[in-house]
Amino acid sequence: MDQSLATATAAPIDSLPRQRLDAALSQVNEVLVGKNRPIRMAFACLLAGGHLLVEDVPGVGKTTLAHALAATLGLSFRRIQFTSDLLPSDIVGVSVFDRGSGEFRFQQGPIFAQLLLADEINRATPKTQSALLEAMAEGQVTVDGASRMLPQPFFVVATQNPLDMAGTYPLPDSQLDRFMLRISLDYPDAEAERRLLTGENRSEMVGQLTSRLSGADILALRRRAHAVTASPALLDYVQALVAASRKHPDIRTGLSPRAGLALLACARAWALLGDRDYTLPEDVQAVFVPVAGHRLIPARSLGRDALAQGLLESVAVE
Amino acid sequence: MKRNRTPPGTRGPAWILAPLPFNLLCVTVGCVLLAHAPHMPAWYTAALLAIVAVRWWQRRRQHRRVSAWLRIVLLVSVLATTIAVYGSPFGREPGAAIVCGLLVIKVLESERLRDARMAIGFACFILMSALLFDESLWFTIMVGLMLLPALATLRALEPGLPESRWLPAFRTGGVLLAASLPAALLGFLLIPRLAMPLWGAPDNGVASTGISDRMAPGDLHSLLTNDAVAMRIGFDGAPPPDGQRYFRGMVLWDFDGQAWLPGAAARRPWPPGRVATRGPVTRYEVTLLASHQHWLFALDVPVEAPEGVQLGPDHTLWSIKPVDQTLRYRVASATGYRLAPEDLDPRLRAAALELPPGFDPRARELAEQWRAAAGANDTRIIQDALTLFHDGGFVYDLDAPPLGRDSIDDFLFDTRTGFCEHYASAFTFLMRAAGIPARVVVGYQGGYWNDFAHYLLIRQSDAHAWSEVWLAGRGWVRIDPTAAVSRVIMASTGGAAGDVGGGGRNWWMPWRDRLDIVNRWWGQTVVGFDALNQSRLFRPFGIEHTTVRMLGITLAVIVFLALGVGALLTSLRPRGKPRDALAAAQLRLQHRLARIGIVRGMTEGPNHFYLRTAATLPESAPVLLDLGAEYVALRYAYSEPPPEQVRVFVRRVRHFRPRHMVK
């Protein structure tokens, strides 16, 4: 909800990171015109400490979004183009023998970045995919028996093309669960498209972006988001939604406890983005479809997002 | 000028008619117009439909009102058109045409929810009035289904429906319609019937269907092409064979050169002469549909009249009251009979020989030639006439050419084309001219025997005219001159089945005749459920005669029981108990707002609800926004809301009165 009643009772978050957060949002919005909501959703995912899956047809700005985020957030950025011959070691790195010192030295893979763009993740083999997904879940990689921590914050933006399925390995349902949010960018509306056509080159714009936030800011904002109040009434609502997904006749597998956690975390981050220190049912509703859509396994051939929307419309709010 | 910001999901102020209910209203009005189309001029219906369509299209494109001047012009045109078409604004047809026009004008001015609600109420009333014109089962079902869009419109007028979704509105409408069926059945059975209709719907005295008591060449044409049911007959025993299925209606004695009329002889209490019956008497029950005539029909020839009906001197049945509603009566007839075989009353003989002077000289001449050749042999003259029809190049054709002043001459010598009434008329004329007492009988002949339900179905197209001649020693003998005609041209209209014995009918006609069982059941059980039937309602329970008082008490008891069971079920249904004082106060506020038409959706978040409500009620907006902020904070910003603040909120809700009514 962009509009909110509650201003009097809201205790605004520390003003400095808050201002930077707003500046970061508006900077990304300038690059990707007319994508207000998906960008906000990406920020919510970042603040909730999750990873983002962008599913859409080519050319709608998936990669631009990741670039703009990286530049704006002031994070170290790496990009991996997933292909079918990509190996796990191409991602996490490999130990090489150093003749000079006479010992093995670990050569860091591209995963050692704060923001990782995993482009067309479904083109890699399941083995490679799971290497990335494990790193995403653990926040560390293990090579030759030694665990190596990934830098913090660690934020993965993976993209996936839902069409053009030839020669791909679609992520299995269990792996999809590791992405906190799944969003799509959709085509721009007429006005945004015109601005896109008449405006300057997007990649040049991305190159000129300055960082608005730092890694430390993001970690502070994450702590802040975690502290956003979720009242008993709101927890009831989240639980009711999760319970409804498990009883729904059209859903084979309902939402897992991890999904419930993700829903709450995202709703909190969404509230934070709305400059509130408590969560409203509207926040839960706003993030529900991106959080739940890819985790629901339909019993019949139904659209997952439509299913999530139907679920949302069946649970009462206090 | 301050403009209220409307929150997403709402469209303009709440009392403005949204596109979905307006579209549904247009559909409803279209249905009403179609239900009344059968009795209104086609161009009038088309014009009204076009006005609705144009308004629908225009409102879709731009939101502009229809000016009052245009509506006044339309109002005047509707009244003027009705008077021009029907001659008077009073009566059933003109009345229906006027209210249909008024309904369309109401659609033109429907801009608010209140207008639409009124229009729907009006539309339902007009839709039901279509049953004054047609009571058949199919039409009743159709009218019932046409209530669906009306109910769907009412649903769409209520808040909480997703925009531009027709299906949920129709689903609610269907549920409402189905739920109303038991109540309708109860009312049908138990609301006391009046023995007489409360008001007679005047229909300007025009008999729309049925045989009239005047027969001129061409008069029966419209009847012979009319498929409407005239009557249904159930026999106690076996039905009479095909050739004897002549149903006597009235006897026409007087010929004025153009038309045959009952004449004086039909109504005089002259002795009818004895009936000598041979063979068994056939007993049967006739269900005669409203004919607006006094004549009742009976198998040739009735020997006993039903109660309250006179058996006339010419063996016709004459009811004191015209048959304005479906009438059921029992009659006994003898198919083997001799009618007044001994002697004919001289006055009747004179009436049966009278011919208008100065008409049809050639026919008279022909008859006199026959008489001269035959001498005293009446049978030979009859034979001569029938031979003429058979061999004289006569054609049976419903599309008979018009006849001049000497209609009999024109028919016999020039056109030689016609149907039953031409032949009966010419034959009777020839007989009289030859000195044989003769008269015309009008009634029905043939019919469809429904072997499954065992009844004879007579349609208007079975209407027939034949002759009776009086022969010494044999009495009145039925002669059907039409049967002598050898060449038949079937009219494309497919009627006249009874006239020539059923050849050339469409393939679907037998099916239609078979399916008439359903109509018969409907007519007897539902339409025919009158005060008498109602008084026998409780016979299975041993109550011989049910009084109005008993019906009323039964109705009241059942209604009370139903309401009681409903209330019990509602109270037993598990209801969400408010969690605490805060939730209770919020529910109270929601109830108060719901009463003026602002309903919180089940999944609507509190933030959105308060913003929407504040936009709908601008005058109460500051208070509502305050209350909303308080509630949202108390409910969602604390693990345990501070009791003091909750008390303040509860107090503020108690004193809150919405300032602006939603229209």
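Check the entry above for the structure.
Residues numbered from 1 in each chain as written. Chains lettered and ligands numbered in written order. Predicted model: local features only at pLDDT ≥ 70, side-chain atom pairs only at ≥ 80, totals over all residues. Heavy atoms only, no water.

**Thoughts on the overall build of chain B**
- Scanning chain B from N- to C-terminus turns up 21 helices and 19 strands.
- Counting across all 663 residues of chain B, residues that qualify as buried make up 45%.
- The contacts in chain B between residues at least 6 apart in sequence include a share of 73% that link residues at least 24 apart.
- A total of about 32500 Å² of accessible surface is found on chain B, and carbon and sulfur atoms cover 61% of it. (Helix = DSSP H or I, 4+ residues; strand = E, 2+ residues; numbered from the N terminus. Buried < 20%, exposed > 50% of the residue type's maximum accessible area, 1.4 Å probe, protein only. Contact = heavy atoms within 4.5 Å. Areas by Shrake-Rupley, 256 points an atom, 1.4 Å probe, with all protein chains shown as cover.)

**Digging into the nonpolar core**
Residues and elements named next belong to chain A.
- Counting 102 residues, the largest nonpolar core has Phe-43 and Leu-69 as its most contacted members.
- The dominant element in this core, judged by the number of residues it contributes, is helix 11 (residues 257-273), at 11 residues.
- Apart from residues lying up to four places away in sequence, Leu-69 is in contact with Val-28, Ala-42, Phe-43, Leu-115, Phe-155 and Val-157. (Core = buried A, V, L, I, M, F, W, Y, C linked by side-chain atoms within 4.5 Å.)

**Observations concerning the environment of A:Arg40**
- For A:Arg40, the location among the structural elements is in helix 2 (residues 36-47).
- Along the backbone, A:Arg40 and A:Ala269 are 229 residues apart, and their C-alpha atoms lie at a distance of 9.9 Å.

**Re the packing of aromatic side chains**
- Tallied over the entire structure, the rule returns 22 aromatic pairs over all chains.
- An aromatic cluster of three or more residues is present, and its members are B:Phe389, B:Phe394, B:Phe411 and B:Tyr423.
- One residue, A:Arg276, lies across the ring of A:Tyr278, its end atom 5.9 Å from the ring centre.
- One Lys or Arg, B:Arg439, reaches over the ring of B:Trp476 and ends 3.8 Å from the middle of that ring. (Phe/Tyr/Trp six-rings, centres within 6.5 Å; stacked < 30°, edge-to-face > 60°. Lys NZ or Arg CZ within 6 Å of the ring centre and 35° of its normal.)

**Remarks on the environment of A:Lys62**
- With respect to the element layout, A:Lys62 can be found in helix 3 (residues 62-73).
- C-alpha of A:Lys62 to C-alpha of A:Ser184: the two residues are 122 residues apart in sequence and 8.6 Å apart in space.

**Details of the packing of helix 20 (residues 621-636) of chain B against helix 21 (residues 643-655) of chain B**
Residues and elements named next belong to chain B.
- It is the contact of helix 20 with helix 21, at a shortest axis distance of 11 Å, that shows an interaxial angle of 150°. Here helix 20 and helix 21 pass one another in a crossing that is left-handed. In this structure, helix 20 uses Val-623, Asp-626, Leu-627, Glu-630, Tyr-631 and Leu-634 to contact helix 21, whose residues at the interface are Gln-645, Val-646, Val-648, Phe-649, Arg-652 and Val-653.
- Residues belonging to the contact of helix 20 with helix 21 are distributed by class as follows: eight nonpolar, one polar and three charged. (Axes fitted to C-alpha atoms, helices over the stretch in contact; angles between N-to-C directions. Left-handed = near helix turned anticlockwise from the far one by under 90°. Nonpolar A, V, L, I, M, F, W, Y, C, P; charged D, E, K, R; others polar.)

**Describing a positive patch on the surface**
Residues and elements named next belong to chain B.
- Positive charge collects at one region of the surface, where Arg-588, Arg-595, Arg-651, Arg-654 and Arg-657 lie side by side.
- Of all the elements in the fold, those that place two or more residues in the positive patch are helix 18 (581-595) and helix 21.
- Examined against the element boundaries, Arg-651 turns out to sit in helix 21. (Patch = residues over 30% accessible without salt bridge, like charges linked within 9 Å, V, L, I, M, F, W, Y side chains within 5 Å. Salt bridge = Lys/Arg side-chain N within 4 Å of Asp/Glu carboxyl O. Lys, Arg positive; Asp, Glu negative; His and termini not counted. Charge placed at Lys NZ, Arg CZ, Asp CG, Glu CD.)

**Quick word on empty space enclosed by the protein**
All names here are of chain B.
- Following the criterion strictly, the structure yields two cavities of 30 Å³ or more and no others.
- Taken together, Pro-217, Leu-403, Ser-407, Ile-408, Phe-411, His-422, Ser-425 and Ala-426 make up the full set of residues lining the second largest cavity.
- At the level of elements, helix 12 (407-415) and helix 13 (420-433) are the ones that each hand at least two residues to the lining of the second largest cavity.
- For the lining of the second largest cavity, the class distribution of residues is five nonpolar, three polar and no charged. (1 Å grid on protein atoms, 1.4 Å probe; cavity = no way out; pocket = protein on both sides within 12 Å on 5 of 7 lines; lining within 4 Å. Points joined across faces, edges and corners; volume = space filled by probe spheres on them.)

**Quick look at the packing of helix 1 (residues 19-36) of chain B against helix 2 (residues 42-61) of chain B**
Residues and elements named next belong to chain B.
- Packing of helix 1 against helix 2 brings their axes to within 10 Å, and their N-to-C directions diverge by 175°. Relative to helix 2, the element helix 1 is oriented roughly antiparallel. Facing Phe-22, Asn-23, Cys-26, Val-29, Gly-30, Leu-33 and Leu-34 of helix 1, the residues of helix 2 in contact are Thr-45, Leu-48, Leu-49, Val-52, Arg-55, Trp-56 and Arg-59.
- Considering only residue class, the contact of helix 1 with helix 2 consists of nine nonpolar, three polar and two charged. (Parallel < 35°, antiparallel > 145°, perpendicular 65-115°, else oblique.)

**Overview of the pairing of strand 18 (residues 475-479) of chain B**
Residue and element names in this part refer to chain B.
- Across the five residues that make up strand 18, a large majority, four, are buried.
- Here strand 17 (residues 463-471) runs beside strand 18; their pairing, made up of five bridges, is antiparallel. From the neighbouring strand, Ser-467 faces strand 18, where its bridge partner is Ile-479.
- Hairpin remark: strand 17 followed by strand 18, antiparallel, with three residues in the connecting loop; positive phi at Gly-473, about 90°. (Pairing = 2+ DSSP bridges.)

**Things to note about the environment of A:Leu241**
All names here are of chain A.
- Positionally, Leu-241 belongs in helix 10 (residues 232-247).
- Between the C-alpha atom of Leu-241 and that of Val-315, which follows or precedes it by 74 residues, the distance is 6.3 Å.
- If near-sequence neighbours (up to four positions away) are discounted, Leu-241 is found in contact with Leu-263, Val-284, Phe-288, Leu-311, Leu-312 and Val-315.

**Quick notes on the sheet that holds strand 5 (residues 115-119) of chain A**
Residues and elements named next belong to chain A.
- The strand order across the open sheet formed by five strands is 2-5-8-1-9, and the pairing between neighbours is parallel. Either end of the sheet is taken by a strand with one partner, and the two such strands are strand 2 (77-81) and strand 9 (181-183). Strand-to-strand twist across the sheet, computed as the mean angle between neighbouring axes with direction ignored, equals 20°.
- Where strand 5 and strand 8 (residues 155-160) come together, four bridges link them in parallel fashion. Bridge pairing in strand 8 links Leu-117 to Val-157.

**What about the interface of chain B and chain A?**
- In this complex, chain B contributes 24 residues to the contact, which on the side of chain A involves 24 residues.
- Between chain B and chain A the total buried area reaches about 2100 Å² when both faces are included, carbon and sulfur atoms providing 58% of it.
- Linking chain B to chain A there are zero salt bridges.
- Summed over the shared surface of chain B and chain A, the number is five residue pairs in polar contact (both at pLDDT 80 or more).
- Of all the secondary-structure elements, those providing two or more residues to the side of chain B that touches chain A are helix 19 (606-616) and helix 20 of chain B. (Buried area = accessible area lost by both parts, 1.4 Å probe. Polar contact = N/O pair within 3.5 Å; in protein donor to acceptor, adjacent residues only side chain to side chain.)

**Here's the deal with the pairing of strand 7 (residues 146-149) of chain A**
Residues and elements named next belong to chain A.
- Bridge count between strand 6 (residues 140-143) and strand 7: four bridges; the pairing is antiparallel. From the neighbouring strand, Val-143 faces strand 7, where its bridge partner is Ala-146.
- Two successive antiparallel strands, strand 6 and strand 7, enclose a turn made up of two residues, where Asp-144 displays a positive phi of approximately 50°.

**Let's talk about unusual backbone geometry**
- In this structure, A:Pro153 follows A:Gln152 across a cis peptide bond, with omega equal to -10°.
- Summarising the element assignment, A:Pro153 is placed in the loop between strand 7 and strand 8.
- The amide bond that connects B:Asp300 to the next residue, B:Val301, takes the cis arrangement and shows omega of 0°.
- The backbone phi angle of A:Asp186 is positive, close to 60°, even though this residue is not glycine.
- Within the secondary structure, A:Asp186 is located in the loop between strand 9 and helix 7 (190-198).
- Residue A:Asp275 is not a glycine yet carries a positive backbone phi of 65°.

**Notes on the sheet that holds strand 6 (residues 295-296) of chain B**
All names here are of chain B.
- Reading across the sheet, the three strands line up as 6-10-9 and stay open at both edges, with antiparallel pairing between neighbours. Two strands in the sheet have a free side with no partner beyond their single neighbour: strand 6 and strand 9 (309-311).
- Sheet topology places strand 9 next to strand 10 (residues 317-319); three bridges connect them, and they run antiparallel. Considered in strand 10, the bridge of Leu-311 is made with Leu-317.

**Examining a nonpolar patch on the surface**
All names here are of chain B.
- A contiguous nonpolar patch, built from Trp-69, Ile-72 and Val-76 and spanning about 370 Å² of accessible area, is present on the exposed surface.
- Structurally, Trp-69 is set in helix 3 (residues 68-86).
- For Trp-69, a relative accessible area of 68% puts it in the exposed group.

**Focus on the side chain of B:Thr546**
Residue and element names in this part refer to chain B.
- Relative to the helices and strands, Thr-546 resides in the loop between helix 16 (531-535) and helix 17 (548-572).
- On the basis of relative accessibility, which here comes to 4%, the residue Thr-546 falls in the buried class.
- The contact partners of Thr-546, leaving out residues within four places of it in the chain, are Gln-534, Ser-535, Leu-537, Phe-538 and Leu-551.

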